[in-house]
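A closer look at the structure
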Amino acid sequence: LEKGFQAVTSSLDGAITRYDTLNNFPRVLQRMGFDADEASTATQKLSDGIQGLPTTLDSVVSTAQRMAVLTGNLQKSTDTTLALNNAFLASGTSSDEAARGLDQYIKMLSSGQVDSERFKTLQETMGYALQKTAEAFGYAGESAQNDLYYALKNGEITFDQFNSKLIELNGGVGGFAELAKTSSGGIRTAWTNLKTAMVRGTTEIISSIDSGLSETRFKSIENVVNSMKDGIYNALSIVAKAFELVAANAETILPILMSI
């Protein structure tokens, strides 16, 4: 029981972050003009889509939000985010490298232009997935990825079509989603998944407490914490004055303490 409580305590910080993300993301989306049901569906889809993968909820939420701002299409932004995440993992890319590739992808999406250096970054970070995408568009051989680049650059293939193809290749047997779990397997991923499971479980505890408090005068955990800050400040102020009194009388008090 003691070990169980220790595990929950160690997961608390991650659980708080996850709980805030799950609650704040729909609010942000609603302020952007998306309806509540659509926002809630997107949040749940992102959460479900990364189960069993060494991917944080914060990272996919941030990506989906950035894409939704650029495209105005929340559903497709959510699907593209998951497809890209799986494409990077299926290509054997580390989290840091995936973040680098994703940043370049979004920059191309925002500018509406395909840059050779940015596309090269995609080749470096999602080479396997990019090859499969190129082949799905009908390009073959060693030049397939470069042919895809020129097609995107010349407008023969739009970014919207490219996104749709990624989403299509993400699902199904042997798709990016399936390969991502295989490629990212191992002890480190298993350990990460174990810690994630603890965080998810602790998040449920926080959610239950918050739900219970909503039926009382305390309203929420956030409200309780905010209500405590004045009391804590006042208590520490009293302690500070006590230390000031001791320091002011150091010449009298210290010799007494030193003689004990």
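Residues numbered from 1 in each chain as written. Predicted model: local features only at pLDDT ≥ 70, side-chain atom pairs only at ≥ 80, totals over all residues. Heavy atoms only, no water.

Regarding its fold elements, the protein presents 14 helices and zero strands. Counting from the amino terminus, helix and strand elements in the protein follow one another as α-α-α-α-α-α-α-α-α-α-α-α-α-α. A compact globule built from 260 residues would reach a C-alpha radius of gyration of about 18 Å, whereas the protein, at 26 Å, exceeds it by more than 25%. The principal-axis extents of the C-alpha atoms in the protein amount to approximately 90 × 45 × 40 Å. Taken over 260 residues, the protein has a buried fraction of 33%. Restricting the contact set of the protein to residue pairs at least 6 apart, pairs at least 24 apart contribute 65%. Accessible surface for the protein amounts to roughly 15,400 Å². Of this, 55% is attributable to carbon and sulfur atoms. (Helix = DSSP H or I, 4+ residues; strand = E, 2+ residues; numbered from the N terminus. Rg over C-alpha atoms; globule rule 2.2 N^0.38 Å. Buried < 20%, exposed > 50% of the residue type's maximum accessible area, 1.4 Å probe, protein only. Contact = heavy atoms within 4.5 Å. Areas by Shrake-Rupley, 256 points an atom, 1.4 Å probe, with all protein chains shown as cover.)

Okay, the nonpolar core next. The biggest cluster of nonpolar side chains holds 29 residues, and the ones touching the most others in it are Met126 and Leu148. Elements with a minimum of two residues in this core: helix 5 (74-90), helix 6 (95-111), helix 7 (116-125), helix 8 (127-136), helix 9 (144-153) and helix 10 (159-170). When residues in this core are grouped by element, the largest group, six residues, is from helix 6. If sequence neighbours within four positions are ignored, Met126 has contacts with Leu84, Ala87, Phe88, Ser91, Thr93 and Leu166. (Core = buried A, V, L, I, M, F, W, Y, C linked by side-chain atoms within 4.5 Å.)

The packing of two helices is summarised by the inter-axis angle and the distance between the axes. Two elements in contact, helix 2 (residues 12-31) and helix 4 (residues 57-71), have axes whose closest approach is 10 Å; the angle formed by their N-to-C orientations is 10°. It follows from the interaxial angle that helix 2 and helix 4 lie roughly parallel. The two elements helix 2 and helix 4 meet at a crossing, and its hand is left-handed. Here helix 2 contributes Thr17, Arg18, Thr21, Leu22, Phe25 and Val28 to the contact with helix 4, which in turn contributes Leu57, Asp58, Val61, Ala64 and Gln65. Split by residue class, the contact of helix 2 with helix 4 holds six nonpolar, three polar and two charged. (Axes fitted to C-alpha atoms, helices over the stretch in contact; angles between N-to-C directions. Parallel < 35°, antiparallel > 145°, perpendicular 65-115°, else oblique. Left-handed = near helix turned anticlockwise from the far one by under 90°. Nonpolar A, V, L, I, M, F, W, Y, C, P; charged D, E, K, R; others polar.)

Between the first and last C-alpha of helix 13 (residues 221-248) there are 40 Å, a value that for 28 residues agrees with the 40 Å anticipated at 1.5 Å per step. Along its length, helix 13 reaches its greatest deviation from straightness, about 25°, at Lys229. (Expected span 1.5 Å × (residues − 1). Bend = angle between axes of the 7 residues up to and from the residue.)

Now for the packing of aromatic side chains. Under the defined criterion, the tally for this structure stands at five aromatic pairs. Their ring planes at 40° and their centres at 6.1 Å tell us that Tyr105 and Phe162 sit as a pair that is tilted. With Tyr105 in helix 6 and Phe162 in helix 10, this residue pair connects regions lying 57 residues apart in the sequence. Judged by relative accessible area, Tyr105 falls into the buried class, the value being 0%. Residue Phe162 is classed as buried on the basis of its relative accessible area, which comes to 1%. With centroids separated by 5.2 Å and ring planes inclined at 45°, the aromatic side chains of Phe119 and Tyr149 adopt a geometry described as tilted. Taken together, the residues span a long stretch of sequence, with Phe119 in helix 7 and Tyr149 in helix 9 at a distance of 30 residues. Just as Phe119 is buried, Tyr149 falls in that class too. Taken together, Tyr105, Phe159 and Phe162 form an aromatic cluster joined through their ring pairs. (Phe/Tyr/Trp six-rings, centres within 6.5 Å; stacked < 30°, edge-to-face > 60°.)

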